[in-house]
There are 2 protein chains.
Amino acid sequence: MSKLLDDVVGELSRLPGIGRRTALRLSLHLLRMDAEEVVRMAQSMSDFRTRIRYCARCNNLSDEELCPICSDPSRDRSVICVVEQVGDVLSIENTRQYNGLYHVLGGVISPMQGIAPSDLKIDLLLDNIARGGVREVILALGTTVEGETTLFYLTRRLEQFPDVKVSTIARGIGFGDEIEYADELTIAHALHNRTLVRRG
Amino acid sequence: MSKLLDDVVGELSRLPGIGRRTALRLSLHLLRMDAEEVVRMAQSMSDFRTRIRYCARCNNLSDEELCPICSDPSRDRSVICVVEQVGDVLSIENTRQYNGLYHVLGGVISPMQGIAPSDLKIDLLLDNIARGGVREVILALGTTVEGETTLFYLTRRLEQFPDVKVSTIARGIGFGDEIEYADELTIAHALHNRTLVRRG
């Protein structure tokens, strides 16, 4: 086998969810693309990894010191939505329903994986709130044990700002989900937090 | 969204089977890798696309003028296995059951896709055979209409070498396949070319 092919297949199969078969298919596809296109794709990967920064205010991915959201004057600076990771910001932005700022923790507290609160960008969040002007902190964390632990921990730390409202995103049955297949905790929570459709 | 992230997601989602969601997941994974690893992965993609060559003898991918198989003195030069594409060479090599040479056509005849015999490396194959020393040509093409057309065309062209044996790989029920789900043509062919287990 060609060493050049062997190398690229080996490298691509380091990516998650990409086995050697898929890596081979992708590599052979590169031959069908223009050389300039492949060079540009490769360059974008190197550039992203070596030049990307983290926003000094919210820890989101950024090309500059501040991310596009934190430096956008039209965003509502009185609300901060706290998320686990960068992908969550993108998911929420895609809904186009939120106009506040974000704060990316960079993970969740996980004793199992050795992630302590000090490993997360929590102090930066508290510093930002202490600077004033924040009315509400929305905790948009996953419903995993680690997410709930982090939620509990953050709620405690946020007690030092009694004037700031703290909320969590609603838990319930997702759109397109069958109640039959939802777990009991979710169903119980969804029942308890039911929304009034008609006041009888 | 960060332009660097936007760029890499856009570039990666040009690959087959990789949508924007997967491209985003892969991009974020790059952040968890060492920068040198990502640079090396990107470099292997550029290098592969810009430096790979086609073997002057068999049209297989190659780093040099001749591919590792054609330049391996231990391979049997009297047998040539004709395949559609590079991936087929790898699949057959993985079986470790074949020790002859290959010939990569670079596709199959397909009037629908505008691929004529002249678009394939057929003349190179005939030139190689004309140089002598070849006892058998194995046609290992797909069982598609295009594969069968190409098989028929090649068989005709190979008539100019009456001393060279021409064979095709066996058609039949694949290992792990249920007869119930095989198509009629395959079943009919498999019945007709049945293998004797015991001479009664």
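Fair warning: this is a prediction, and the values are worked out from it, not measured in the lab.

The geometry of helix α3 (residues 35-51) of chain A relative to helix α3 (residues 35-51) of chain B is characterised by a closest axis approach of 9 Å and an angle of 175° between their N-to-C directions. Comparing the axis directions of α3(A) and α3(B) gives the class roughly antiparallel. Across the interface between the two elements, A35(A), V38(A), V39(A), M41(A), A42(A), M45(A), S46(A), R49(A) and T50(A) from α3(A) touch A35(B), V38(B), V39(B), M41(B), A42(B), M45(B), S46(B), R49(B) and T50(B) from α3(B). Tallied by class, the residues present in the contact of α3(A) with α3(B) amount to twelve nonpolar, four polar and two charged.

Residue and element names in this part refer to chain A. Strand order in the open sheet made by the four strands is β4-β3-β5-β6, with parallel pairing throughout. Two strands lie at the open edges of the sheet, namely β4 (100-104) and β6 (165-168), each paired on one side alone. Between one strand axis and the next, the sheet turns through 25° on average, direction left out of account.

On to the relation of the copies chain B and chain A. In screw terms, the move from chain B to chain A is a rotation of 180° and a rise of 0.0 Å along the axis, fitting with an RMSD of 0.0 Å. Such a turn and shift between the copies fits a two-fold axis. No C-alpha of chain B lies nearer the rotation axis than that of A42(B), which sits 2.2 Å from it. Mapped onto chain A, 100% of the interface residues of chain B again fall at the interface, so both copies present the same surface.

With that settled, the discussion passes to the UniProt feature "domain: Toprim" (unreviewed entry) in chain A. On the UniProt side, "domain: Toprim" (unreviewed entry) is annotated at positions that read residues 78-174 of chain A here. Taken end to end, residues 78-174 of chain A is 33% helix and 21% strand, and its first and last C-alpha atoms sit 28 Å apart.

Tracing the sequence through the fold places E11(B) in helix α1 (residues 3-12). On the basis of relative accessibility, which here comes to 10%, the residue E11(B) falls in the buried class. In contact with E11(B), not counting residues within four places along its chain, are E37(A), R40(A), M41(A) and S44(A).

In this section: the interface of chain B and chain A. Of the residues lining the interface, 47 residues belong to chain B; the matching set on chain A comes to 47 residues. Counting the surface lost from both chain B and chain A, the interface buries some 4,600 Å², and carbon and sulfur atoms represent 73% of this. Taken as a group, L4(B), F48(B) and R49(B) account for 16% of the area that chain B buries against chain A, more than any other trio of residues on that side. Inspection of the region where chain B meets chain A yields four salt bridges. A salt bridge links R40(A) to E11(B), with the nearest nitrogen and oxygen atoms 2.9 Å apart. There are 14 residue pairs in polar contact (both at pLDDT 80 or more) connecting chain B and chain A. At the level of elements, α1, α2 (20-32), α3, β2 (61-62) and α4 (86-95) of chain B are the ones that each hand at least two residues to the side of chain B that touches chain A. The greatest single-element share of the side of chain B that touches chain A, amounting to 15 residues, is contributed by α3(B). Tallied by class, the residues present in the side of chain B that touches chain A amount to 27 nonpolar, eight polar and twelve charged.

About the thresholds
Residues numbered from 1 in each chain as written. Chains lettered and ligands numbered in written order. Predicted model: local features only at pLDDT ≥ 70, side-chain atom pairs only at ≥ 80, totals over all residues. Heavy atoms only, no water. Axes fitted to C-alpha atoms, helices over the stretch in contact; angles between N-to-C directions. Helix = DSSP H or I, 4+ residues; strand = E, 2+ residues; numbered from the N terminus. Parallel < 35°, antiparallel > 145°, perpendicular 65-115°, else oblique. Contact = heavy atoms within 4.5 Å. Nonpolar A, V, L, I, M, F, W, Y, C, P; charged D, E, K, R; others polar. Pairing = 2+ DSSP bridges. Least-squares fit on C-alpha atoms with pLDDT ≥ 70 in both. UniProt positions renumbered as here; feature names shortened; annotations may be inferred. Buried < 20%, exposed > 50% of the residue type's maximum accessible area, 1.4 Å probe, protein only. Buried area = accessible area lost by both parts, 1.4 Å probe. Salt bridge = Lys/Arg side-chain N within 4 Å of Asp/Glu carboxyl O. Polar contact = N/O pair within 3.5 Å; in protein donor to acceptor, adjacent residues only side chain to side chain.

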